Amino acid sequence: MSYAITGLALLAAVTLVNALLTFAVIKRWRATVAAPAPAAAASGPPALAVHEGDRTPAFTLHTPRGEVSESTLAGHPVLICFLRPDCGPTRESLPEIHRWAEANTPSGAHLVAVVSGRPPEAGPLLEAVGPLTELTATEPPNGPVAGAFGVRHHPTFVLLDSDGTIAETGIGQGSLPALNLLTA
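Residues numbered from 1 in each chain as written. Predicted model: local features only at pLDDT ≥ 70, side-chain atom pairs only at ≥ 80, totals over all residues. Heavy atoms only, no water.

Brief notes about the pattern of salt bridges
Scanning the entire structure with this criterion turns up 2 salt bridges. Notably, a salt bridge pairs D86 with R84, separated by 2.6 Å at the nearest N-O pair. Look at R84 and you get partly exposed, because its relative accessible area is 30%. Its salt-bridge partner being E121, residue R118 comes within 2.8 Å of it at the nearest N-O pair. On the accessibility criterion, E121 (42% relative accessible area) is partly exposed. (Salt bridge = Lys/Arg side-chain N within 4 Å of Asp/Glu carboxyl O. Buried < 20%, exposed > 50% of the residue type's maximum accessible area, 1.4 Å probe, protein only.)

In structure tokens, the structure reads:
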């Protein structure tokens, strides 16, 4: 009989602890559901530090062809692509970038690929864009060129007019109409 009483007491204690924990979880869940959404979530789509109509910010990029800056690119339309090797949308945008390069570089436009990451990680992505342009470079995440343009998301595209004015910007695969129109 004493085993039965001990078992019932133990069962009652476990049931009480379970009920208390359940009420605590429900109370926390209700508080979470009732709390307003964080302000950062409602801030809208990501933005760059540069906007359409701005002048190209000063930058220097070290490429296999030598140093490239905003002044060396003047006089030609330029598509600057900020890419990341481990980014799915970056890989998905490569055919669009390829089509843009085929349609525009024969008429003098330049394609610049800035790959965020260390050279060993960036190798396959550099090989993918290498046939399209010699103006490729790697830089650390949030490197100096990405910082000059305010790039925080990949892929990011900046299309420059021949006079160095920013014609279009886009963040994410399929975000830049110029890639779809095929002409700068």
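Regarding the environment of P95
Secondary-structure assignment places P95 in helix 2 (residues 88-104). For P95, a relative accessible area of 42% corresponds to the partly exposed category. Each C-alpha atom of the pair P95 and V129 lies 10.0 Å from the other, and the pair is 34 residues apart in sequence. (Helix = DSSP H or I, 4+ residues; strand = E, 2+ residues; numbered from the N terminus.)

Overview of the confidence of the model for the protein chain
In low-pLDDT regions, the fine details of the predicted coordinates are not to be read closely. For the protein chain, per-residue confidence averages 84 on the pLDDT scale, and residues scoring 70 or more make up 88% of the total. Here helix 5 (residues 177-181) stands out as the element of the protein chain with the lowest mean pLDDT, 58, in contrast to strand 3 (residues 78-83), whose mean of 92 is the highest. (pLDDT = per-residue confidence, 0-100.)

Description of the packing of aromatic side chains
What characterises a pair of aromatic rings is the spacing of the ring centres plus the angle enclosed by the ring planes. Applying the stated rule across the entire model yields 2 aromatic pairs. Relative to F149, the ring of F59 has its centre 5.6 Å away and its plane inclined at 55 degrees; by these criteria the two rings are tilted. Highlighted residues: F59 in the loop between helix 1 (2-34) and strand 1 (60-63) and F149 in helix 4 (residues 144-149), separated in sequence by 90 residues. The pair formed by F59 and F149 is uniform in burial state, with each residue classed as buried. On the numbers, 5.5 Å between centres and 55 degrees between planes, the contact of F82 with F149 is tilted. (Phe/Tyr/Trp six-rings, centres within 6.5 Å; stacked < 30°, edge-to-face > 60°.)

Let's talk about the side chain of T63
Looking at the secondary structure, you find T63 in strand 1. For T63, a relative accessible area of 11% translates into the label buried. Separated by 2.7 Å, the side chain of T63 and the backbone oxygen of G66 make a polar contact. T63 has contacts with V68, E134, L135, T136 and A137, leaving out every residue within four places of it along the chain. (Polar contact = N/O pair within 3.5 Å; in protein donor to acceptor, adjacent residues only side chain to side chain. Contact = heavy atoms within 4.5 Å.)

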